[in-house]
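Chain by chain, the residues:
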Amino acid sequence: MLSQKSVERPYTVLVAVVLVTVLGIVAFGSISTDLLPTIELPYVVVMTVYPGASPEEVELAVTRPLEAALSTSRGLSNISSVSRENSSMIMLEFLQGTNMDSTMIEMANSLDMVTGQLHGEVGKPMLLRLNPDMMPIMVASVNKTGRDVTELSSFVVDTVIPAFERIEGVATVSAAGLLEREIRVELDRARIDELNDRVLAS
């Protein structure tokens, strides 16, 4: 039946073939390639700054109260935290399928209720959703023949990083494993004691 209609109406078949070919070419040209497609990860990080505080003080004054307030969030699967000097970081993992938009609003309200009870020096907690777009899209290693680690570190800082930062579309460039030169000053204890004795004597 179909073959008979095709023989009887060759121009219709020709137009259909041309139309399908043109649509295929247009569709293929508009397809965008993406190494990491848009996905929603059920992870949230809460970062809080407490200047001048030790890890123990951060744990008691910041991390524990915030964990208690955030542990009631709906869909929460796991909660972990890291208390460092001057800062606290709480990582929350939610169940797959959790509405992260409403969860972020709920968490913000919970933080607002407990923020007023924190010390005055504690900064405002910052909510941060994790997504693949935040991850670096390029990782490269640098090596140059005839240069040691110190010279290579200077070359990366002075030449490589500025060159990458000038590329359109590059937001930030960071380097790891570089050597930083430092000056170590050692004082003569005997001379210090001698000067102290003179000052006390006068």
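Located above this text is the structure these notes cover.
Every chain begins its residue count from 1, and numbering advances along the sequence as written. Under the rules for a predicted model, residues below a pLDDT of 70 receive no local features and side-chain atom pairs below 80 are neither given nor counted, while totals for whole chains, interfaces and linings still include all residues. With hydrogens and water excluded, all non-hydrogen atoms of the structure serve as input to the side-chain values.

(A) Inspection of the overall build of the chain at higher detail. A helix here means a DSSP run of H or I that spans at least four residues, while a strand means a run of E at least two residues long, and both kinds are numbered starting from the N terminus. Across its full length, the chain holds six helices and four strands. Going from the N terminus to the C terminus, the chain shows its helices and strands as α-α-β-α-β-β-α-β-α-α. As defined in this context, the radius of gyration uses C-alpha atoms, and a globule is described by 2.2 Å times the residue total to the power 0.38. Taken over the C-alpha trace, the chain has a radius of gyration of 31 Å; the compact-globule value for 202 residues is 17 Å, which it surpasses by more than 25%. Projected onto the principal axes, the alpha-carbon positions of the chain cover approximately 120 × 60 × 25 Å. The cut-offs for exposure are 20% and 50% of the maximum accessible area for each residue type, with area from a 1.4 Å probe on protein chains only; residues under the lower value are buried, those over the upper are exposed, and the others partly exposed. Counting over 202 residues, the chain shows a buried share of 18%. For this analysis, residues touch if any pair of their heavy atoms sits within 4.5 Å. If you take every contact in the chain between residues at least 6 apart in sequence, the share linking residues at least 24 apart comes to 62%. Surface accessibility follows the Shrake-Rupley procedure with a 1.4 Å probe radius. Residue values consider only the protein chains on display as shielding. Carbon and sulfur atoms provide 58% of the accessible area of the chain, an area that totals close to 15,700 Å². Only four residue types enter the charge count: Lys and Arg as positive, Asp and Glu as negative, with His and the chain ends excluded. Working definition for charges: the position is that of NZ of Lys, CZ of Arg, CG of Asp or CD of Glu. Each charge class in the chain can be summarised by its mean position, and for the 15 positive and 26 negative side chains these summaries are 6 Å apart.

(B) Spotlight on the sheet that holds strand β4 (residues 126-129). On the basis of which strands lie adjacent, the open sheet formed by four strands has the order β2-β3-β1-β4 and antiparallel pairing. Two strands in the sheet have a free side with no partner beyond their single neighbour: β2 (76-84) and β4. This sheet shows a mean twist of 20° between the axes of neighbouring strands, independent of strand direction. Strand pairing is assigned whenever DSSP detects at least two bridges linking the two strands. Where β2 and strand β3 (residues 87-94) come together, eight bridges link them in antiparallel fashion. With axes taken as lines fitted to C-alpha atoms, and helix axes fitted only over the stretch in contact, angles between N-to-C directions fall between 0 and 180 degrees.

(C) Focus on helix α2 (residues 10-30). The span expected for a helix works out to 1.5 Å for each residue beyond the first. Compared with an ideal rise of 1.5 Å per residue, which puts 21 residues at 30 Å, α2 spans 30 Å between its outermost C-alpha atoms and is within 8% of the ideal. With respect to burial, α2 is a largely exposed element, only zero of its 21 residues being buried.

(D) Quick look at the packing of helix α3 (residues 55-70) against helix α4 (residues 100-115). Following both chains from N to C, one finds α3 and α4 inclined at 135°, their axes separated by 9 Å at the closest point. Compared by their axis directions, α3 and α4 come out oblique. Of the two elements, α3 crosses α4, and the hand of that crossing is right-handed. For the pair α3 and α4, the contacting residues are Pro65, Leu66, Ala69 and Leu70 in the first and Met107, Ser110, Leu111 and Val114 in the second. Each residue gets one of three labels, nonpolar for Ala, Val, Leu, Ile, Met, Phe, Trp, Tyr, Cys and Pro, charged for Asp, Glu, Lys and Arg, and polar for the others, Gly among them. Classifying every residue of the contact of α3 with α4 by side-chain character gives seven nonpolar, one polar and no charged. Relative orientations are named as follows: roughly parallel for angles under 35 degrees, roughly antiparallel for angles over 145 degrees, roughly perpendicular for angles from 65 to 115 degrees, and oblique for any other angle. By definition, turning the near helix anticlockwise from the far helix through less than a right angle yields a left-handed crossing, and turning it clockwise yields a right-handed one.

(E) Broad picture of the side chain of Ser88. Along the chain, the position of Ser88 falls in strand β3. The exposure class of Ser88 is buried, given its relative accessible area of 3%. Here Thr63 takes part through its side chain, which lies 2.8 Å from a polar atom of the side chain of Ser88. Residue contacts for Ser88: discarding those within four places in its chain leaves Val46, Met47, Thr48, Val58, Val62, Thr63 and Val82. Within 3.5 Å is the distance limit for a polar contact, defined as a pair of N or O atoms, with the added protein rule that one can donate a hydrogen and the other accept it, and that residues adjacent in sequence qualify only through two side-chain atoms.

(F) Region of the structure containing the packing of aromatic side chains. Aromatic pairing here means that ring centres of Phe, Tyr or Trp (its six-membered ring) are within 6.5 Å. Orientation follows from the plane angle: under 30 degrees is stacked, over 60 is edge-to-face, and everything else is tilted. Applying the stated rule across the entire model yields zero aromatic pairs. The positively charged end of Lys144 is found above the aromatic ring belonging to Phe155, 4.3 Å away from the centroid. Only when the NZ atom of a Lys or the CZ atom of an Arg is both within 6 Å of the ring centre and within 35 degrees of the ring normal do we say a charge sits over the ring.

(G) Layout of unusual backbone geometry. Residue Asn86 is not a glycine yet carries a positive backbone phi of 80°. Mapped onto the fold, Asn86 is located in the loop between β2 and β3.

(H) View of the pairing of strand β1 (residues 43-49). Two strands pair when backbone bridges link them, and β1 and β3 are joined in this way by seven bridges, in the antiparallel orientation. By the bridge assignment for β3, Thr48 is matched with Ser88. In terms of strand pairing, β1 meets β4 through four bridges, oriented antiparallel. Each residue of the ladder has a partner; that of Val45, found in β4, is Leu128.

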